[in-house]
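Observations on chain architecture
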Amino acid sequence: MSANLDRGNCFRRGMTVAVLIKQVPDTTAKIGISGGFVDESAVSKWSISPYDEYALEAALQMKEAGRGDLVAITCGPSRASKALTEAAAVGADTLIHIEVDLENLDSVQTQSLLAAAVKRAGSEVVLCGKQAADTNGGSTGPGVARLLGSNFVGMVSEISSDGEGYLADRMGPNGGERVSVPSPCLFAFDKGTSELRRPNVRGIMMAKKKQIEVLSPSDLEVEIGDSQVKLRGHSSPPQKAPGQKFEGADSVAEVVAKLREEANVI
Amino acid sequence: MEITVIAEGNDGDLHPVTSQLVGASSRIGDSVTVLCPGGWGSAEAASIPGVSKVISIEGACFDTYDCRVWSKAISPLANGDLVVAAASPTGREICATIAATRSIPVLQDLTGLEEGIVATRPIFSGKAVEECSIALPCAISLRANAFEASQGEGMAEISTVNVDSDVSISVREALAKANERLDVSEANIVISGGRGMGDPGNFSHLYEIADEIGAAVGASRAAVDTWEEIPHSMQVGQTGKTVAPSLYIAVGISGAIQHLAGMRTSKYIVAINKDPDAPIFGVSDYGIVATWEEALPVLKEELCRLSN
């Protein structure tokens, strides 16, 4: 359903596009448990969450079409600033890090901080991934949209401008469709149709020098209070007992018989 | 504890996951009110045992999906101590929007729920499991097939609330019909192909077998990334869908860590791969070292024989 939306003539000049990104363990990283909790120090690589990368790519295209300012915003501990530098390496102009060292912010806390940062940046259009690859929740996009009083479109693969509003390709409950929605709007991205760009050496060098604006909850005048969600612990998924292994296609009949008699699943 | 369940609609009817939401809720709550957006499946919802009452929310706004407007219509009625939705894309969005409206926390895609309330959810797409306690009131969404459905017959009263609001989203054109095939995240049996299938055309063998046994067809990330014909909606794994069917059959899938994360909680796993050292065999209950060209015709024949 690749759509050739005309981005060329579209986005208003000088508009600010905000993209919300979250730093997560790279999807190739192993997750270890130590003392009943995920051992973050053992995570080999941290990356921008994959769906946020599609949002970032779409934001870059909007910025290029409208010559506006692209603000990348993240909320997390100090390590998360690296995700902003990565966003700058592909073209984000302004970097905002809401630095919170508390473990486990709940959704109310996270969303109120992000919404306050978006308001501060003055963005009418906000992009993010449909869910982050750590908790796979998907609450941030619709929640922040609600706090901003914006429209919300989720499961988006591509967006373009439509006069004062936007056109978005989304996977709705009834299938793929192109919808129009007025501004202001927050879009939560599924896998996009555009190829993700990779930073070049110059981009990486420039990004290293780019200043990150670090904000605390009080800088944003947000009283975050206590988390209403208390983490009790992490565990490894139940390990399976070693399975049975068979050689050659002749064994298929035997396996099918076992699926019926031992496993009782067909 | 009063619980509000947001029924999951399915093209004008009630999605079967709704009775799982009621099953999980009635185990820990005193009263369970089911809200039926668009009025879909309200009669059926009233017949689920454990339901105290059903509210059918009707209005023209439910013709087009607009999360903001739907949530605005549902929110005033979703006033239980616990709001429960299905962890489908729309269920999650509406659950999160209602939670933000009420300034209550939301946790998505739970696979376990106990009094307290204590919630269990897989994180990193199943590489670890997290247990949290959440203060009430709060909102949660539950994963399909992770909870026992409420069984039997019930008879709750149905009331109707009419809402009058305009959607701000309008559909300009339909781009693709929803895949009429069963979705991998809902199916009881999933058969998935990887890059080892050699060519996207060869997925036809998987579809034939799927049709025979009522399975959904999935794919590995490598297959989705390599072949345009294999849509992302079929992808099982960390950047795709997480599945927990009774039976998962992996064909020509080596078993990258992202893929294993998305399917390892399946009840039974069968792997067909020509490489005896493929990591997929590490999580398989039944591993068959063979090429798909040799194994699939036999598999189809055997399954046909069983179903006839």
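In short, a report on the structure.

Scoring rules and cut-offs
Residues numbered from 1 in each chain as written. Chains lettered and ligands numbered in written order. Predicted model: local features only at pLDDT ≥ 70, side-chain atom pairs only at ≥ 80, totals over all residues. Helix = DSSP H or I, 4+ residues; strand = E, 2+ residues; numbered from the N terminus. Rg over C-alpha atoms; globule rule 2.2 N^0.38 Å. Buried ≥ 20, exposed ≤ 12 C-beta atoms within 10 Å, placed from the backbone. Contact = placed C-beta atoms within 7 Å. Axes fitted to C-alpha atoms, helices over the stretch in contact; angles between N-to-C directions. Parallel < 35°, antiparallel > 145°, perpendicular 65-115°, else oblique. Left-handed = near helix turned anticlockwise from the far one by under 90°. Core = buried A, V, L, I, M, F, W, Y, C linked by C-beta atoms within 7 Å. Domains from an automatic or database assignment. Pairing = 2+ DSSP bridges.

Helices and strands together make up the secondary structure of chain B, namely eight helices and 18 strands. Taken against the 2.2 N^0.38 rule, which gives 19 Å for 308 residues, the C-alpha radius of gyration of chain B at 21 Å falls within 12% of a compact globule. Principal-axis analysis of the C-alpha atoms places the extent of chain B at approximately 60 × 45 × 40 Å. Residue burial in chain B is summarised as follows: out of 308 residues, 59% are buried. Relative to all contacts within chain B whose residues are 6 or more apart in sequence, the contacts with residues 24 or more apart total 64%.

The subject of this paragraph is the overall build of chain A. On a plain count of helices and strands, chain A comes out with six helices and 15 strands. C-alpha extents for chain A along the principal axes are approximately 65 × 45 × 40 Å. Out of the 266 residues in chain A, the part that is buried amounts to 51%.

For the rest of this paragraph, the subject is the packing of helix H6 (residues 252–261) of chain A against helix H8 (residues 292–307) of chain B. Two elements in contact, H6 of chain A and H8 of chain B, have axes separated by 9 Å at closest approach and are oriented at 40 degrees. If you check the angle between H6 of chain A and H8 of chain B, you find them oblique. For the crossing formed where H6 of chain A meets H8 of chain B, the hand is right-handed. Contact residues: Val252, Ala253, Val256 and Arg260 of chain A in H6 of chain A; Ala295, Val298, Leu299, Glu302, Leu303 and Leu306 of chain B in H8 of chain B.

Time to look at the nonpolar core. Ranked by size, the top nonpolar core spans 182 residues in total, and within it Val19 of chain A together with Ile6 of chain B carry the most contacts. In terms of residue count, helix H1 (residues 50–66) of chain A provides more of this core than any other element does, eight residues in total. When residues of this core are assigned to domains, at least three fall in each of domain 1 (2–162) and domain 2 (189–307) of chain B.

Once that is clear, we can look at the interface of chain A and chain B. Taken together, the 74 residues of chain A in the interface contact 73 residues of chain B. Taken together, the elements giving at least two residues each to the side of chain A that touches chain B come down to helix H3 (107–121), helix H4 (140–148), strand S9 (151–162), strand S10 (165–172), strand S11 (175–181), strand S14 (229–235), strand S15 (244–247) and H6 of chain A. Where S14 of chain A lies against strand S10 (residues 128–134) of chain B, six bridges are found, and the strand directions are antiparallel. Its bridge partner lying in S10 of chain B, Val229 of chain A is registered against Ile134 of chain B.

Our next topic: unusual backbone geometry. In terms of backbone geometry, most residues other than glycine have negative phi values and most peptide bonds are trans. Residue and element names in this part refer to chain A. Between Ser183 and the following residue, Pro184, the backbone shows a cis peptide bond with an omega angle of -5 degrees. Note that Pro184 resides in the loop between S11 and strand S12 (185–189). A positive phi angle, close to 55 degrees, is found at Asn136, a residue other than glycine. Counting through the fold element by element, Asn136 comes out in the loop between strand S8 (125–129) and H4.

This part takes up the pairing of strand S1 (residues 16–20) of chain A. Residues and elements named next belong to chain A. The buried fraction of S1 is high, at four of five residues. The sheet contact formed by S1 and strand S6 (residues 69–76) spans five bridges and is parallel. Each residue of the ladder has a partner; that of Ala18, found in S6, is Val71. Where S1 meets S8, four bridges bridge the pair, whose relative direction is parallel. When the bridges of S8 are listed, Val19 appears paired with Leu127.

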